[in-house]
Amino acid sequence: MPSLRPCRAVLTLSLLLLSSAPLLVMADPLPPPEGEVLLRVTGNIGHPNVGDELHLDREMLMSIPSRSIETSTPWTEGVGRFEGPLLRALLEAAGTQSEHVRVQALNEYESEVPVSDFHDYDVILAIKRDGEPIEVRDLGPMFVLYPFDEQPELLNETIRHRSVWHVGSVHVP
Ligand SMILES: Nc1nc2c(c(=O)[nH]1)N[C@H]1C(S)=C(S)[C@@H](COP(=O)(O)O)O[C@H]1N2
Ligand SMILES: [Mo]
């Protein structure tokens, strides 16, 4: 009966869509960290790996889409080659929706950063300088780095306040 064909097609299509839907919605959640936890993403996140938080060790941080930025900064000497995960990729890995995040330092300094910055600029959590880990007595273990030399308009007070050093956690409201 030809009139049944569209029904079967619709049924087949629905089954296909249903079976592939979870893949479209959920990125692979990251496994719990094995090494020392350097960063915690807390609050409203869709992909936690320890309780309701996302904990990352150095290896996991380096596995997130990253880039290398050659730049000078107001806080470091000369031009460095800084490397680390892109903040927009980190938030994607954590599964966040919010328009702002609070980047928190180990020493209690914190700053609210609009997520739009991470799409407008290649902002990274710099975790290496010239191939070497960044010591806590410098700006480490990680600091928020905007590509200052590529976009000199970033050298202003607002962006300096968002350039958190000694980052330990990111809170998603
Ligand atoms: N961990 C940490 N990060 C920080 C700060 C801080 O006190 N602690 N100060 C912020 C502020 S307010 C500014 S302006 C710059 C500091 O830049 P400056 O002191 O070299 O002007 O770093 C930002 N990042
Ligand atoms: Mo400041």
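Shown above is the structure to which this text applies.
So, here is what we can say about the structure in this document. (Residues numbered from 1 in each chain as written. Chains lettered and ligands numbered in written order. Predicted model: local features only at pLDDT ≥ 70, side-chain atom pairs only at ≥ 80, totals over all residues. Heavy atoms only, no water.)

## Examining the pairing of strand S2 (residues 54-57)
Residues Leu54 and Leu56 line one face of S2 and the alternating positions His55 and Asp57 line the opposite face, and both faces are buried. Pairing geometry for strand S1 (residues 37-43) and S2, over four bridges, is antiparallel. Residue pairing for S2: Val37 is matched across the bridge by Asp57. (Buried < 20%, exposed > 50% of the residue type's maximum accessible area, 1.4 Å probe, protein only. Helix = DSSP H or I, 4+ residues; strand = E, 2+ residues; numbered from the N terminus. Pairing = 2+ DSSP bridges.)

## What to know about the side chain of Ser169
Structurally, Ser169 is set in strand S11 (residues 167-172). Looking at Ser169, its side chain comes within polar contact range of the side chain of Gln104, at 2.8 Å. Not counting residues up to four positions away in its chain, the partners in contact with Ser169 are Leu39, Arg40, Arg102, Val103 and Gln104. (Polar contact = N/O pair within 3.5 Å; in protein donor to acceptor, adjacent residues only side chain to side chain. Contact = heavy atoms within 4.5 Å.)

## Quick word on the site of ligand 1
Near ligand 1, the surroundings consist of Trp75, Ala105, Asn107, Tyr109, Arg160, His161, Ser163, Val164, Trp165 and His166. Between a nitrogen atom of ligand 1 and a side-chain N or O atom of Asn107, the distance comes to 3.3 Å. Taken by itself ligand 1 offers 520 Å² of open surface, and the protein chains cover 68% of this. Residues belonging to the shell around ligand 1 are distributed by class as follows: five nonpolar, four polar and one charged. (Near = heavy atom within 4 Å. Areas by Shrake-Rupley, 256 points an atom, 1.4 Å probe, with all protein chains shown as cover. Nonpolar A, V, L, I, M, F, W, Y, C, P; charged D, E, K, R; others polar.)

## A closer look at the environment of Asp120
Tracing the chain through its elements places Asp120 in helix H4 (residues 116-120). With 32 residues separating them along the chain, Asp120 and Arg88 place their C-alpha atoms 9.9 Å apart.

## Topic: the sheet that holds S11
By definition, the strands of a sheet pair up through backbone hydrogen bonds, in either a parallel or an antiparallel sense. With mixed pairing, five strands are arranged side by side in an open sheet as S2-S1-S11-S5-S6. Two strands lie at the open edges of the sheet, namely S2 and strand S6 (110-114), each paired on one side alone. Across the sheet, the axes of successive neighbouring strands diverge by a mean angle of 20°, strand direction being ignored. The sheet contact formed by S1 and S11 spans four bridges and is parallel. Of the residues in S11, the one forming a bridge with Arg40 is Ser169. (Axes fitted to C-alpha atoms, helices over the stretch in contact; angles between N-to-C directions.)

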